[in-house]
2 protein chains.
Amino acid sequence: MSNFNNRNLFHLLNQRVRYLSKEINSRLLDHGLYASQWSIIFCLEKYGPMTQTAIWKYLNVEAPTVTRTLSRMEKSGWVVRKQGEDKRERVIELTKEARQKFTQIQQATDQVEREMVACLSAEEKEQLYLLLKKLGTDSN
Amino acid sequence: MSNFNNRNLFHLLNQRVRYLSKEINSRLLDHGLYASQWSIIFCLEKYGPMTQTAIWKYLNVEAPTVTRTLSRMEKSGWVVRKQGEDKRERVIELTKEARQKFTQIQQATDQVEREMVACLSAEEKEQLYLLLKKLGTDSN
DNA sequence: TGATTTTATTTACCTAGGTAAATATCGAGG
DNA sequence: CCTCGATATTTACCTAGGTAAATAAAATCA
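The notes below deal with the structure included here. Remember, it's a predicted structure, so these values are computed and weren't measured experimentally. (Residues numbered from 1 in each chain as written. Chains lettered and ligands numbered in written order. Predicted model: local features only at pLDDT ≥ 70, side-chain atom pairs only at ≥ 80, totals over all residues.)

1. So, the nonpolar core
The condition that has to hold: Nonpolar core, as used here: buried Ala, Val, Leu, Ile, Met, Phe, Trp, Tyr and Cys residues forming one set through C-beta atoms within 7 Å. Neighbour counting defines burial: a residue surrounded by 20 or more other C-beta atoms within 10 Å of its own C-beta is buried, one with 12 or fewer is exposed, and intermediate counts give partly exposed, using backbone-placed C-beta atoms. The contact criterion used here is simple: two residues whose C-beta atoms, placed from the backbone, lie within 7 Å are in contact.
In terms of nonpolar packing, the biggest core is built from 26 residues, with Leu-13, Leu-20 and Leu-131 of chain A together with Leu-13, Leu-20, Met-116 and Leu-131 of chain B touching the most fellow members. Leu-20 of chain A has contacts with Met-116 of chain A together with Phe-10 and Leu-13 of chain B, leaving out every residue within four places of it along the chain.

Okay, here's the thing in C-alpha coordinates:
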(Lines give C-alpha, C1' and ligand atoms only; values in the text may rest on other atoms or scores of the structure.)
Protein backbone atom coordinates (compact mmCIF):
# COMPACT_ATOMS: atom_id res chain seq x y z
CA MET A 1 0.00 0.00 0.00
CA SER A 2 0.90 3.71 -0.08
CA ASN A 3 4.03 4.24 -2.17
CA PHE A 4 5.11 0.65 -2.52
CA ASN A 5 6.99 0.07 -5.73
CA ASN A 6 9.41 -2.65 -6.65
CA ARG A 7 12.41 -0.42 -6.53
CA ASN A 8 12.19 -0.16 -2.78
CA LEU A 9 13.29 -3.75 -2.42
CA PHE A 10 16.84 -3.01 -3.46
CA HIS A 11 16.89 0.08 -1.28
CA LEU A 12 15.52 -1.80 1.73
CA LEU A 13 17.76 -4.82 1.36
CA ASN A 14 20.76 -2.54 1.04
CA GLN A 15 19.94 -0.61 4.18
CA ARG A 16 19.38 -3.73 6.24
CA VAL A 17 22.57 -5.39 5.05
CA ARG A 18 24.58 -2.27 5.71
CA TYR A 19 23.19 -1.93 9.19
CA LEU A 20 23.87 -5.55 9.99
CA SER A 21 27.41 -5.64 8.64
CA LYS A 22 28.30 -2.36 10.30
CA GLU A 23 27.09 -3.73 13.61
CA ILE A 24 28.82 -7.08 13.16
CA ASN A 25 32.03 -5.34 12.15
CA SER A 26 31.96 -3.20 15.25
CA ARG A 27 31.49 -6.21 17.53
CA LEU A 28 34.26 -8.09 15.76
CA LEU A 29 36.71 -5.21 16.17
CA ASP A 30 37.81 -6.55 19.55
CA HIS A 31 38.67 -9.84 17.91
CA GLY A 32 40.60 -8.17 15.06
CA LEU A 33 38.19 -9.57 12.50
CA TYR A 34 35.83 -8.30 9.80
CA ALA A 35 32.41 -9.67 8.93
CA SER A 36 33.52 -11.14 5.59
CA GLN A 37 36.47 -12.82 7.21
CA TRP A 38 34.16 -14.25 9.81
CA SER A 39 31.98 -15.73 7.06
CA ILE A 40 34.97 -17.63 5.78
CA ILE A 41 35.94 -18.85 9.24
CA PHE A 42 32.37 -20.01 9.81
CA CYS A 43 32.42 -21.88 6.54
CA LEU A 44 35.74 -23.58 7.29
CA GLU A 45 34.70 -24.57 10.81
CA LYS A 46 31.51 -26.08 9.43
CA TYR A 47 32.98 -28.00 6.47
CA GLY A 48 36.64 -28.43 7.33
CA PRO A 49 39.54 -27.61 4.98
CA MET A 50 38.34 -26.41 1.57
CA THR A 51 39.79 -25.14 -1.70
CA GLN A 52 39.33 -21.48 -2.53
CA THR A 53 36.91 -22.41 -5.28
CA ALA A 54 34.72 -24.28 -2.82
CA ILE A 55 34.75 -21.21 -0.59
CA TRP A 56 33.76 -18.63 -3.19
CA LYS A 57 31.09 -20.92 -4.57
CA TYR A 58 29.67 -21.41 -1.08
CA LEU A 59 29.72 -17.68 -0.34
CA ASN A 60 28.48 -16.75 -3.79
CA VAL A 61 31.24 -14.25 -4.45
CA GLU A 62 33.89 -14.12 -7.16
CA ALA A 63 37.29 -15.78 -6.91
CA PRO A 64 39.41 -12.61 -6.60
CA THR A 65 37.39 -11.48 -3.60
CA VAL A 66 38.28 -14.65 -1.74
CA THR A 67 41.92 -14.50 -2.81
CA ARG A 68 42.26 -11.05 -1.29
CA THR A 69 40.41 -11.77 1.91
CA LEU A 70 42.31 -15.00 2.51
CA SER A 71 45.66 -13.35 2.00
CA ARG A 72 44.76 -10.80 4.68
CA MET A 73 43.56 -13.60 6.94
CA GLU A 74 46.74 -15.57 6.43
CA LYS A 75 48.78 -12.50 7.32
CA SER A 76 46.81 -12.04 10.54
CA GLY A 77 47.06 -15.72 11.46
CA TRP A 78 43.50 -17.02 10.97
CA VAL A 79 44.17 -19.50 8.17
CA VAL A 80 46.95 -21.32 6.36
CA ARG A 81 46.99 -22.03 2.65
CA LYS A 82 48.53 -25.31 1.58
CA GLN A 83 49.08 -26.56 -1.92
CA GLY A 84 46.62 -29.29 -2.88
CA GLU A 85 47.31 -32.56 -4.67
CA ASP A 86 46.12 -30.75 -7.75
CA LYS A 87 48.89 -28.17 -7.80
CA ARG A 88 46.59 -25.50 -9.18
CA GLU A 89 44.50 -25.39 -6.07
CA ARG A 90 45.11 -24.17 -2.58
CA VAL A 91 43.57 -25.92 0.39
CA ILE A 92 42.63 -23.55 3.17
CA GLU A 93 42.43 -24.52 6.81
CA LEU A 94 41.89 -22.72 10.08
CA THR A 95 44.82 -22.24 12.41
CA LYS A 96 44.64 -23.59 15.93
CA GLU A 97 44.16 -20.06 17.26
CA ALA A 98 41.19 -19.55 14.96
CA ARG A 99 39.59 -22.78 16.09
CA GLN A 100 40.12 -21.86 19.72
CA LYS A 101 38.47 -18.47 19.34
CA PHE A 102 35.59 -19.73 17.21
CA THR A 103 32.92 -20.29 19.84
CA GLN A 104 33.45 -16.98 21.55
CA ILE A 105 33.26 -15.04 18.28
CA GLN A 106 30.20 -16.95 17.18
CA GLN A 107 28.44 -15.92 20.37
CA ALA A 108 29.20 -12.28 19.59
CA THR A 109 27.79 -12.42 16.06
CA ASP A 110 24.78 -14.49 17.08
CA GLN A 111 24.03 -11.81 19.62
CA VAL A 112 23.96 -9.12 16.91
CA GLU A 113 21.54 -11.12 14.81
CA ARG A 114 19.32 -11.82 17.77
CA GLU A 115 19.13 -8.10 18.45
CA MET A 116 18.38 -7.39 14.82
CA VAL A 117 15.41 -9.75 14.72
CA ALA A 118 14.27 -8.96 18.26
CA CYS A 119 11.43 -6.87 16.84
CA LEU A 120 10.00 -9.90 15.01
CA SER A 121 7.88 -12.68 16.45
CA ALA A 122 9.01 -16.28 16.05
CA GLU A 123 6.67 -16.79 13.10
CA GLU A 124 7.82 -13.55 11.48
CA LYS A 125 11.44 -14.62 11.77
CA GLU A 126 10.69 -17.94 10.16
CA GLN A 127 8.64 -16.23 7.46
CA LEU A 128 11.38 -13.72 6.67
CA TYR A 129 13.94 -16.49 6.47
CA LEU A 130 11.76 -18.53 4.10
CA LEU A 131 10.95 -15.55 1.87
CA LEU A 132 14.59 -14.56 1.59
CA LYS A 133 15.50 -18.13 0.73
CA LYS A 134 12.84 -18.20 -1.94
CA LEU A 135 13.68 -14.76 -3.35
CA GLY A 136 15.27 -14.89 -6.80
CA THR A 137 14.90 -18.65 -6.93
CA ASP A 138 13.96 -18.68 -10.61
CA SER A 139 16.70 -16.38 -11.78
CA ASN A 140 19.82 -17.69 -10.11
CA MET B 1 13.58 -26.20 10.64
CA SER B 2 16.73 -28.15 9.77
CA ASN B 3 19.85 -26.08 10.32
CA PHE B 4 18.23 -22.71 10.84
CA ASN B 5 20.34 -20.51 13.04
CA ASN B 6 20.43 -16.74 13.35
CA ARG B 7 23.68 -16.35 11.55
CA ASN B 8 22.09 -17.34 8.29
CA LEU B 9 20.23 -14.06 8.15
CA PHE B 10 23.37 -12.06 7.45
CA HIS B 11 24.52 -14.67 4.96
CA LEU B 12 21.16 -14.73 3.19
CA LEU B 13 20.72 -10.96 3.09
CA ASN B 14 24.22 -10.60 1.73
CA GLN B 15 23.66 -13.08 -1.04
CA ARG B 16 20.39 -11.53 -2.12
CA VAL B 17 21.75 -8.00 -2.12
CA ARG B 18 24.79 -9.06 -4.08
CA TYR B 19 22.69 -10.82 -6.66
CA LEU B 20 20.38 -7.86 -7.04
CA SER B 21 23.09 -5.24 -7.31
CA LYS B 22 25.10 -7.34 -9.72
CA GLU B 23 22.05 -7.69 -11.93
CA ILE B 24 21.11 -4.02 -11.69
CA ASN B 25 24.68 -3.01 -12.43
CA SER B 26 24.74 -5.15 -15.53
CA ARG B 27 21.50 -3.64 -16.85
CA LEU B 28 22.73 -0.12 -16.11
CA LEU B 29 25.97 -0.70 -18.00
CA ASP B 30 24.35 0.45 -21.25
CA HIS B 31 23.41 3.70 -19.57
CA GLY B 32 26.91 4.25 -18.16
CA LEU B 33 25.58 4.12 -14.63
CA TYR B 34 26.08 2.08 -11.43
CA ALA B 35 23.42 0.98 -8.97
CA SER B 36 24.56 3.34 -6.22
CA GLN B 37 24.61 6.25 -8.61
CA TRP B 38 21.11 5.33 -9.70
CA SER B 39 19.94 5.43 -6.08
CA ILE B 40 21.09 9.03 -5.87
CA ILE B 41 19.42 9.97 -9.14
CA PHE B 42 16.21 8.35 -7.94
CA CYS B 43 16.36 10.32 -4.73
CA LEU B 44 17.01 13.63 -6.50
CA GLU B 45 14.22 13.07 -9.02
CA LYS B 46 11.82 12.31 -6.18
CA TYR B 47 12.73 15.17 -3.84
CA GLY B 48 14.36 17.77 -6.10
CA PRO B 49 17.71 19.47 -5.34
CA MET B 50 19.19 18.39 -2.01
CA THR B 51 22.30 18.97 0.07
CA GLN B 52 24.78 16.15 0.36
CA THR B 53 23.85 15.69 3.99
CA ALA B 54 20.20 15.19 3.05
CA ILE B 55 21.29 12.58 0.51
CA TRP B 56 23.48 10.50 2.80
CA LYS B 57 20.88 10.64 5.55
CA TYR B 58 18.22 9.46 3.12
CA LEU B 59 20.39 6.65 1.79
CA ASN B 60 21.70 5.73 5.24
CA VAL B 61 25.33 5.82 4.23
CA GLU B 62 28.20 7.95 5.48
CA ALA B 63 29.13 11.36 4.13
CA PRO B 64 32.41 10.39 2.41
CA THR B 65 30.62 7.72 0.39
CA VAL B 66 28.30 10.32 -1.09
CA THR B 67 31.11 12.80 -1.70
CA ARG B 68 32.95 10.24 -3.78
CA THR B 69 29.98 8.99 -5.74
CA LEU B 70 28.77 12.51 -6.51
CA SER B 71 32.17 13.59 -7.75
CA ARG B 72 32.15 10.68 -10.20
CA MET B 73 28.61 11.56 -11.23
CA GLU B 74 29.50 15.18 -11.78
CA LYS B 75 32.42 14.14 -13.96
CA SER B 76 30.13 11.96 -16.07
CA GLY B 77 27.47 14.64 -16.36
CA TRP B 78 24.62 13.33 -14.18
CA VAL B 79 24.57 16.06 -11.54
CA VAL B 80 25.86 19.55 -10.78
CA ARG B 81 27.00 20.72 -7.36
CA LYS B 82 26.25 24.33 -6.51
CA GLN B 83 27.25 26.21 -3.39
CA GLY B 84 24.31 26.71 -1.02
CA GLU B 85 23.33 29.88 0.84
CA ASP B 86 25.09 28.29 3.77
CA LYS B 87 28.51 28.26 2.19
CA ARG B 88 29.45 25.02 3.93
CA GLU B 89 26.92 23.02 2.04
CA ARG B 90 26.64 21.92 -1.57
CA VAL B 91 23.26 21.69 -3.24
CA ILE B 92 23.06 18.86 -5.75
CA GLU B 93 20.75 18.82 -8.73
CA LEU B 94 20.22 16.58 -11.72
CA THR B 95 21.37 17.77 -15.11
CA LYS B 96 18.87 18.05 -17.96
CA GLU B 97 20.34 14.92 -19.55
CA ALA B 98 19.81 12.97 -16.33
CA ARG B 99 16.19 14.08 -16.10
CA GLN B 100 15.60 13.14 -19.71
CA LYS B 101 16.98 9.63 -19.26
CA PHE B 102 15.27 9.02 -15.94
CA THR B 103 12.12 7.20 -17.07
CA GLN B 104 13.91 4.84 -19.39
CA ILE B 105 16.44 3.86 -16.74
CA GLN B 106 13.76 3.42 -14.13
CA GLN B 107 11.99 0.96 -16.40
CA ALA B 108 15.20 -1.06 -16.68
CA THR B 109 15.73 -1.29 -12.91
CA ASP B 110 12.05 -1.95 -12.19
CA GLN B 111 12.29 -4.84 -14.61
CA VAL B 112 15.15 -6.39 -12.63
CA GLU B 113 13.24 -6.17 -9.38
CA ARG B 114 10.12 -7.66 -10.97
CA GLU B 115 12.20 -10.60 -12.15
CA MET B 116 13.73 -11.00 -8.69
CA VAL B 117 10.37 -11.24 -6.97
CA ALA B 118 8.70 -13.19 -9.78
CA CYS B 119 8.92 -16.35 -7.68
CA LEU B 120 6.79 -14.79 -4.93
CA SER B 121 3.03 -14.41 -4.83
CA ALA B 122 1.52 -10.98 -4.32
CA GLU B 123 0.99 -11.66 -0.61
CA GLU B 124 4.51 -12.96 -0.22
CA LYS B 125 5.93 -9.83 -1.83
CA GLU B 126 3.93 -7.63 0.49
CA GLN B 127 4.96 -9.78 3.46
CA LEU B 128 8.64 -9.64 2.57
CA TYR B 129 8.48 -5.90 2.16
CA LEU B 130 6.79 -5.43 5.54
CA LEU B 131 9.19 -7.77 7.34
CA LEU B 132 12.22 -6.02 5.89
CA LYS B 133 10.79 -2.66 6.88
CA LYS B 134 10.22 -3.92 10.38
CA LEU B 135 13.60 -5.62 10.71
CA GLY B 136 15.96 -3.88 13.10
CA THR B 137 13.30 -1.36 14.03
CA ASP B 138 14.27 -1.28 17.68
CA SER B 139 17.97 -0.96 17.19
CA ASN B 140 18.32 1.77 14.55
C1' DT C 1 33.14 41.23 19.45
C1' DG C 2 36.10 37.27 20.05
C1' DA C 3 36.54 32.52 21.38
C1' DT C 4 34.56 28.10 21.22
C1' DT C 5 31.62 24.59 19.57
C1' DT C 6 28.95 22.59 16.01
C1' DT C 7 28.03 21.33 11.25
C1' DA C 8 29.09 20.23 6.13
C1' DT C 9 32.29 18.56 3.35
C1' DT C 10 36.58 16.56 2.11
C1' DT C 11 40.90 13.75 2.37
C1' DA C 12 43.54 9.72 3.55
C1' DC C 13 43.46 5.14 4.40
C1' DC C 14 41.18 0.74 5.21
C1' DT C 15 37.95 -3.67 3.63
C1' DA C 16 34.78 -5.76 0.21
C1' DG C 17 32.99 -6.79 -4.19
C1' DG C 18 33.15 -6.85 -9.35
C1' DT C 19 35.37 -7.70 -14.34
C1' DA C 20 39.03 -8.79 -17.57
C1' DA C 21 43.19 -10.65 -18.47
C1' DA C 22 47.46 -13.25 -17.09
C1' DT C 23 49.56 -17.63 -15.13
C1' DA C 24 50.02 -22.23 -14.11
C1' DT C 25 48.45 -26.82 -14.00
C1' DC C 26 45.45 -30.49 -15.37
C1' DG C 27 43.20 -33.58 -18.78
C1' DA C 28 41.89 -35.33 -23.09
C1' DG C 29 42.87 -36.31 -28.12
C1' DG C 30 45.61 -36.84 -31.91
C1' DC D 1 54.49 -37.19 -26.26
C1' DC D 2 52.49 -32.87 -27.22
C1' DT D 3 49.08 -29.60 -28.14
C1' DC D 4 44.86 -27.51 -26.83
C1' DG D 5 40.95 -26.51 -24.05
C1' DA D 6 39.38 -26.28 -19.26
C1' DT D 7 40.17 -25.10 -14.43
C1' DA D 8 42.29 -22.63 -10.14
C1' DT D 9 44.35 -18.81 -8.75
C1' DT D 10 46.20 -14.30 -9.13
C1' DT D 11 46.91 -9.44 -10.73
C1' DA D 12 45.40 -4.94 -12.22
C1' DC D 13 41.96 -1.81 -12.15
C1' DC D 14 37.32 -0.24 -11.15
C1' DT D 15 33.05 1.14 -7.64
C1' DA D 16 31.16 1.18 -2.89
C1' DG D 17 31.21 1.49 1.95
C1' DG D 18 33.47 2.52 6.49
C1' DT D 19 36.38 5.46 10.15
C1' DA D 20 39.32 9.22 11.66
C1' DA D 21 41.08 13.47 11.04
C1' DA D 22 41.40 18.01 8.47
C1' DT D 23 39.08 22.27 6.84
C1' DA D 24 35.90 25.85 6.41
C1' DA D 25 31.81 28.13 7.53
C1' DA D 26 28.06 28.94 10.80
C1' DA D 27 26.18 29.36 15.33
C1' DT D 28 26.53 30.04 20.19
C1' DC D 29 27.81 32.45 24.00
C1' DA D 30 30.61 34.89 27.48
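2. Some words on the relation of the copies chain B and chain A
Threshold: Overlaid copies result from least-squares superposition on C-alpha atoms, with residues included only where pLDDT is at least 70 in both.
Once turned by 180° and shifted 0.0 Å along the axis, chain B lies on chain A with an RMSD of 0.0 Å. This pairing of chains is accounted for by a two-fold axis. Proximity to the rotation axis, assessed at the C-alpha, singles out Leu-128 of chain B in chain B; its C-alpha lies 3.2 Å from the axis. An overlap of 98% is found between the interface residues of chain B and their copies at the interface of chain A, pointing to a shared contact surface.

3. A word on the pairing of strand β2 (residues 79-83) of chain A
For the record, the criterion: Whether two strands pair comes down to DSSP finding at least two bridges between them. By definition, any uninterrupted DSSP run of H or I lasting at least four residues is a helix, any uninterrupted run of E lasting at least two residues is a strand, and each is numbered from the N terminus.
Looking at chain direction, β2 of chain A and strand β3 (residues 90-94) of chain A are connected through five bridges and run antiparallel. Looking across to β3 of chain A, one finds that Lys-82 of chain A is bridged to Val-91 of chain A.

4. Observations regarding the protein's contact with DNA strand C
Going by this rule: Defining nearness, a residue is near a molecule or strand when the C-beta atom obtained from its backbone falls within 6 Å of it.
Not every one of the 23 residues close to DNA strand C is listed here, only the nearest: Tyr-34 and Ser-36 of chain A together with Thr-53, Pro-64 and Glu-89 of chain B. The leading source of residues in the surface near DNA strand C is helix α4 (residues 63-75) of chain A, at four residues.

5. Focus on the sheet that holds β2 of chain A
Sheet strands pair via backbone hydrogen bonds, and the direction of the pair is either parallel or antiparallel. Residue and element names in this part refer to chain A. Note the threshold: All axes are obtained by fitting lines to C-alpha atoms, using only the stretch in contact for helices, and the reported angles, taken between N-to-C directions, cover 0 to 180 degrees.
An order of β1-β3-β2 is seen for the three strands of this open sheet, with the pairing classed as antiparallel. A single partner strand is all that each edge strand has here, and the edge strands are β1 (50-51) and β2. Contacts between helix α2 (residues 35-47) and the sheet are confined to β1 and β3, with β3 contributing the most and set at about 90° to the helix.

6. Quick notes on the interface of chain B and chain A
As a reminder of what qualifies: Note that Gly is not counted as nonpolar here; it falls among the polar residues with everything else outside the nonpolar set of Ala, Val, Leu, Ile, Met, Phe, Trp, Tyr, Cys and Pro and the charged set of Asp, Glu, Lys and Arg.
Between chain B and chain A, the contact holds 44 residues from the first and 43 residues from the second. Elements supplying a minimum of two residues to the side of chain B that touches chain A: α1 (8-28), α2 (35-47), α5 (96-116) and α6 (122-134) of chain B. With 14 residues, the single largest contributor to the side of chain B that touches chain A is α1 of chain B. Considering only residue class, the side of chain B that touches chain A consists of 20 nonpolar, 13 polar and eleven charged.

Purely spatial values, then, with no claim about function.
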